[in-house]
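This is what each chain is made of:
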Amino acid sequence: MSTISDAARMIVEQAERGLPIVAFTGAGISQESGVPTFRGGGGIWERYAPEEVATAEGFFRDPARSWRFHEELRRTCLAGKPNMAHIALAWMENALRSLTNCPVITQNIDGLHQAAGSSDVTELHGSCHRVRCVECNFADEDLPAEFPELPPRCECGELLRPDVVWFGEQLPHGSFDRARLLAESAGVMMVVGTSATVQPAASIPIAALQHDVSLIEINPVCTTLSELIDVTIRDVAGAALPELAERVGQLLNGAGDSECKRE
Ligand code: OAD
């Protein structure tokens, strides 16, 4: 039996027990939407020094430099459309709705899970589509296509910053606790397109594992998690997830229309 069939069977069995089917995703799921990953060949951290553009110290040393980086990333995310992997997760949520929930925990800041239709998305690292003031409580998610000048400023006169998590910062209030609870109560966790190297996010699949949750990894390469995984699918997410969704649909509906198609 292929690994995709094993994974589909595992998902349907756990969903039929009413246990949530959780996806834990990273940059790799958006790679086929044209959003580059952080590590590996062509990764963002090959072109930029994270300590200069993605730490509070780097930002306050040179806010315009950090903003140019974030604006380039935001433009790439805005240009990217959800790919078949994002769509397959949203499709599975719908297909399993009468049995259980299918929340997504993501390290991504691109908003592509929501754009694909996933209704329960926990963003661990914030969103490139929001800004907040470094001083007052101002926050905004209605951003212009381009800021007239960088760095943009709040009406209070202080700097605006992207509402993302930089290295050395706390995760958004409540998001880590929520992700942990989801992980611990899951029936299955699909770990998709992440190197699982950045803490504390990388501890989420480990928390699932410690609660006997079955793990499925979808990644073309081996990761630090791979040896702990129950079912490994060594493929890109845009190929593996639609096939997995289709098998899940077949198990749920027999030979009915279970194809996961782009709208
Ligand atoms: P990484 O860039 O570290 O890892 C991306 C993973 O996706 C790698 O394991 C790739 O093998 C895999 N991958 C690449 N293309 C894929 C595809 N088409 N389908 C499936 N998998 C694919 O990205 P993350 O693990 O998300 O944090 O990185 C975690 C955090 O590190 C990010 O959220 C960001 C970064 O620094 C912050 O900025 C705070």
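Calculation criteria
Residues numbered from 1 in each chain as written. Predicted model: local features only at pLDDT ≥ 70, side-chain atom pairs only at ≥ 80, totals over all residues. Heavy atoms only, no water. Helix = DSSP H or I, 4+ residues; strand = E, 2+ residues; numbered from the N terminus. Buried < 20%, exposed > 50% of the residue type's maximum accessible area, 1.4 Å probe, protein only. Areas by Shrake-Rupley, 256 points an atom, 1.4 Å probe, with all protein chains shown as cover. Salt bridge = Lys/Arg side-chain N within 4 Å of Asp/Glu carboxyl O. Axes fitted to C-alpha atoms, helices over the stretch in contact; angles between N-to-C directions. Left-handed = near helix turned anticlockwise from the far one by under 90°. Contact = heavy atoms within 4.5 Å. Nonpolar A, V, L, I, M, F, W, Y, C, P; charged D, E, K, R; others polar. Core = buried A, V, L, I, M, F, W, Y, C linked by side-chain atoms within 4.5 Å. Pairing = 2+ DSSP bridges.

1. Quick word on the overall build of the protein chain
Counting its secondary structure elements, the protein chain contains 10 helices and 9 strands. The principal-axis extent of the C-alpha atoms belonging to the protein chain is close to 60 × 35 × 35 Å. Going through the 263 residues of the protein chain one by one, you find that 52% of them count as buried. Entry remark: accessible area of the protein chain is about 12,300 Å², with carbon and sulfur atoms responsible for 48%.

2. A short note on the environment of asparagine 253
Residue placement: asparagine 253 occurs in helix α10 (residues 237-253). Considering only alpha carbons, one finds asparagine 253 and alanine 95, 158 residues apart in sequence, at a separation of 9.5 Å.

3. Side note on the pattern of salt bridges
Using the criterion set out here, one finds 15 salt bridges in the structure. Between arginine 9 and glutamate 13 there is a salt bridge whose closest N-O contact spans 3.9 Å. One end of the pair, arginine 9, and the other, glutamate 13, are both in helix α1 (residues 3-16), 4 residues apart, so they sit about a helical turn from each other. Given a relative accessible area of 42%, glutamate 13 falls into the partly exposed group. Counted as one network, the salt bridges with shared partners bring together Glu123, Arg130, Arg132 and Asp163.

4. Remarks on the packing of helix α8 (residues 175-185) against helix α9 (residues 203-210)
The geometry of α8 relative to α9 is characterised by a closest axis approach of 8 Å and an angle of 35° between their N-to-C directions. Crossing geometry of α8 relative to α9 is assigned as right-handed. Between α8 and α9, the residues in contact are Phe176, Ala179, Arg180, Ala183 and Glu184 and Ser203, Ile204, Ala207 and Ala208, respectively. Looking at the contact of α8 with α9 residue by residue, the classes come out as 6 nonpolar, 1 polar and 2 charged.

5. Notes on α9
When α9 is considered as a whole, its buried residues turn out to be Ser203, Ile204, Pro205, Ala207 and Ala208. Packed against the buried residues of α9 are β1 (21-25), β2 (104-106), α8, β7 (188-192) and β8 (214-218). At the C-terminal side of α9, aspartate 212 shows a positive phi close to 60°.

6. Topic: the nonpolar core
In this structure, Ile11, Met92, Met190, Ile216, Ile218, Leu241 and Leu244 are the most contacted members of the largest nonpolar core, which totals 31 residues. Contributing elements (two or more residues each) for this core: α1, β1, α6 (84-95), β7, β8, β9 (231-233) and α10. In terms of residue count, α1 provides more of this core than any other element does, 7 residues in total. Residue contacts for leucine 241: discarding those within four places in its chain leaves Ile29, Ala85, Ala88, Leu89, Met92, Met190, Val192 and Ile218. Listed in part, the 22 residues of the second largest apolar core include Phe69, Leu73, Cys77 and Trp166.

7. Quick word on unusual backbone geometry
Cis geometry marks the peptide bond from leucine 150 to proline 151, where omega comes out at 0°. The topology assignment puts proline 151 in the loop between β5 (139-140) and β6 (160-164). Cis rather than trans, the peptide bond between glutamine 199 and proline 200 has omega equal to 5°. Note on placement: proline 200 falls in the loop between β7 and α9. Positive phi outside glycine occurs at alanine 196, with the angle close to 50°. Take alanine 196: it is sitting in the loop between β7 and α9.

8. Description of the environment of cysteine 222
With respect to the helices and strands, the residue cysteine 222 is situated in the loop between β8 and β9. The exposed category is assigned to cysteine 222, whose relative accessible area is 59%. With 32 residues separating them along the chain, cysteine 222 and glycine 254 place their C-alpha atoms 33 Å apart.

9. Regarding the sheet that holds β5
Within the open sheet, the 3 strands sit side by side as β5-β4-β6. Their pairing is antiparallel. Each of the sheet's edge strands pairs with one partner strand only, and the pair in question is β5 and β6. Of the pairings in the sheet, the one linking strand β4 (residues 126-133) to β6 comprises 5 bridges and is antiparallel in character. What sits directly across from cysteine 133, in β6, is leucine 160. Relative to β4, helix α5 (residues 63-79) is tilted by about 140°, and along the sheet it contacts β4 and β6.

Honestly, that's just the spatial picture; any functional story needs more than this.
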